[in-house]
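Overview (structure and organization)
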Number of protein chains: 2
Amino acid sequence: MQPTPGKQLAITTDMLVAGTHFLPDTDPKNLGWKALAVNLSDLAAMGAQPRWVTLAGALPAADEPWIAKFAEGFFACAAEYGVDLVGGDTTRGPLNLSITAIGEVEPGRALRRDGAKIGDQIWVSGRPGLASLGLAQLQGKIELPGPWQRLCIAALEKPRPRVALGLALKGIASAAIDVSDGLLADLGHIAERSGCAASLQLVKLPQLRDLAGSGASYNADLRRMALDCQLAGGDDYELCFTAPSEQHLAIRRIAAELELPLWCIGEMIENPVANTVASPDKSATGKVTVFDPEGQPIEFDHQGFDHFA
Amino acid sequence: MQPTPGKQLAITTDMLVAGTHFLPDTDPKNLGWKALAVNLSDLAAMGAQPRWVTLAGALPAADEPWIAKFAEGFFACAAEYGVDLVGGDTTRGPLNLSITAIGEVEPGRALRRDGAKIGDQIWVSGRPGLASLGLAQLQGKIELPGPWQRLCIAALEKPRPRVALGLALKGIASAAIDVSDGLLADLGHIAERSGCAASLQLVKLPQLRDLAGSGASYNADLRRMALDCQLAGGDDYELCFTAPSEQHLAIRRIAAELELPLWCIGEMIENPVANTVASPDKSATGKVTVFDPEGQPIEFDHQGFDHFA
């Protein structure tokens, strides 16, 4: 491979295991797309331009139609994002896909997780939560209204890594991450690595209008589930990032240019006072607090929400 | 990662599956060493200086002592060869290790598989075959003489990638590969990619003196097995390479400097005449023929040897 002179390299690796990260009977074409897309999402969160990828896979058997469909999805994603497959390995074993993606970025300009400052605004792209709603729909746990079904299942099966957004945020965002582990968990990673905490306004999250119906057909369970998925659902590949408030308009302009909604959902704050030298509370670093419309903090634990007030 | 200005990158990826590539009860420290070493061997075969590595692993459970020992072996190998671990992923699943290694090489100087020319001499380093003899010993299929046991099991469990050899061969070798699939199969890859065939002299292979005993204690089965392992045994990480005959002395000098035996075992030849336009025989391209001390070709198939004359 011939690196672009003067660039640094960013690298990411992901291992996807059947039964853990995807259902063994997943459409192989979607799986091929997604296996690459989730890696490109990590490069996007670094503000890197994806260049090369390697693919190693273990397969229980040499199932040629399965491989052909997987390759179709994989190469469709590679073509869409201008990435070259430059190496690989195939072997027999329980279904497992391991991908390493390499991108390029100007020296010192990579987006990191540790650059957020107290007072920075917190942003998120798109509509996190759709993928886990799609999964719940496929698992028969919920019944989404018709138009939402296609949207949520597409978010789950064919995520679109936010590469253009990551590139646009260089020099603007102070920290970035993708929300593959869920918005709260991943924002918590930024807060922890940046030595501060985060405050989110529930009312500023993207509104999933009509999802839970209205009036007589209002479905409170679905509304609760949607909030849970927005805040703690994984497998979304939107970017969460922080930026000084003076970048607010620049970010609104990026949203318009990319035709991608960007939501300002909160701000980075000091660690709670409990975290003092006299009374250290390490759990306070990286703490993310969500406030309801009345300004009351909502209780939750790391497994999800105890309740919504 | 900051690439060295003016260098190209070489990349390799390998997936190791429990039960296929290693026994599930393998000493995790040895496994950690070997998982990295086999990737560095691929970089060595390209003449690349190893720089960075990523490690993704699926584990059935978070077995901390196992992981600590694996890491000890992995980082010992990384330190020995000056490689930095720059990324990774861990997940739950059937034991699987996937490693991607990146090295650097001067533009256009990487050793390739397709550069061998008719008349080039064929070389191999060290003593290929030891690893598969070690495996046969561990599996109870053979009983090696005492001094050979340690040597063969070490070749299996703690292979030493020939990085310094690969670096020294740049500008000297015309093609190179490691013999991880067995000498004949991997030399066949060079021949096929280079559009020619190969002729090996059995008598020029490294002698495994005393391995099969002598006189009354001569063990013909062990001798046969040793030849089979030398030619077709996998899991060795020696380099097989080709070079013009005028490089013979330069290669002998490299052997002396590295204190590593290098054996001139044959030469690249034209494809057999059967492979004509009128009578195409694609199997003739890449064919490797082994000659016995009387100059008679030895019959074998790709699964191994039918007999030794």
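Presented here is a report on the structure given in the accompanying data block. The numbering scheme is per chain: residues are counted from 1 as the chain's sequence reads. The lettering of chains begins at A and the numbering of ligands begins at 1, in the order of writing. Since the coordinates come from a predicted model, pLDDT governs what is reported: local features require at least 70, and pairs of side-chain atoms require 80 or more to be given and counted, while whole-chain, interface and lining totals use all residues. Hydrogen atoms and water are omitted, and side-chain values are computed over all heavy atoms in the structure.

Here we come to helix 2 (residues 64-81) of chain A. Residues and elements named next belong to chain A. Every helix listed is a DSSP run of H or I at least four residues long, and every strand listed is a run of E at least two residues long, numbered separately from the N terminus. In this scheme, a helix's expected span is set at 1.5 Å multiplied by one less than its residue total. Its 18 residues give helix 2 an end-to-end C-alpha distance of 26 Å, which sits within 8% of 26 Å, the value for a rise of 1.5 Å per residue. We call two residues contacting when some pair of their heavy atoms lies within 4.5 Å. The secondary structure elements touched by the buried residues of helix 2 are helix 1 (28-45), strand 2 (49-59), strand 3 (84-92), strand 4 (96-105) and helix 5 (163-168). Downstream of helix 2 by one or two residues, Gly 82 has phi in the positive range, about 65°.

This brings us to the pattern of salt bridges. The term salt bridge refers to a side-chain nitrogen of Lys or Arg lying within 4 Å of a carboxyl oxygen of Asp or Glu. Counting across every chain of the model gives 14 salt bridges over all chains. Residue A:Arg162 is joined to A:Glu238 by a salt bridge in which the shortest nitrogen-to-oxygen separation is 2.9 Å. Of this pair, A:Arg162 sits in the loop between helix 4 (146-157) and helix 5 while A:Glu238 is found in the loop between helix 7 (220-232) and strand 8 (239-243), placing the two residues 76 residues apart along the sequence. A relative accessible area of 10% means that A:Glu238 is categorised as buried. B:Lys170 is paired through a salt bridge with B:Glu106; the nearest N and O atoms lie 2.9 Å apart. Note that B:Lys170 is positioned in the loop between helix 5 (163-168) and strand 6 (175-178) and B:Glu106 in the loop between strand 4 (96-105) and strand 5 (121-125), a separation of 64 residues in sequence. Any residue under 20% of the maximum accessible area for its type is buried, any over 50% is exposed, and the rest in between are partly exposed; the area is computed with a 1.4 Å probe on protein chains only. Classification of B:Glu106 as partly exposed rests on a relative accessible area of 27%.

At the junction of the two partners, chain A supplies 32 residues and chain B supplies 32 residues. Broken down residue by residue, the surface that chain A buries against chain B is led by A:Met1, A:Leu9 and A:Met15, which jointly contribute 25%. Our count for the contact surface shared by chain A and chain B stands at zero salt bridges. Two N or O atoms form a polar contact when they lie within 3.5 Å of each other; inside protein one atom must be a possible hydrogen donor and the other a possible acceptor, and for residues adjacent in sequence the pair counts only when both atoms belong to side chains. Here chain A and chain B share 12 residue pairs in polar contact (both at pLDDT 80 or more) between them. Secondary-structure elements contributing two or more residues to the side of chain A that touches chain B are strand 1 (8-17), strand 2, strand 3 and strand 4 of chain A. In this description, buried area is defined as the sum, over both parts, of the accessible area (probe of 1.4 Å) that is lost when the two are combined.

All names here are of chain B. Strand order in the open sheet formed by seven strands is 6-8-5-9-7-10-11, and the pairing between neighbours is mixed. Edge positions in the sheet fall to strand 6 and strand 11 (297-298), since each has one partner strand and no second. Where strand 6 lies against strand 8 (residues 239-243), four bridges are found, and the strand directions are antiparallel. Looking at strand 8, one finds that Ala 176 is bridged to Phe 241. Axis lines are fitted to C-alpha atoms, over the contacting stretch for helices. Their N-to-C directions set the angle, which ranges from 0 to 180 degrees. Contacts between helix 1 (residues 28-45) and the sheet are confined to strand 6 and strand 8, with strand 6 contributing the most and set at about 175° to the helix. DSSP-based pairing: two strands are paired if at least 2 bridges between them are found.

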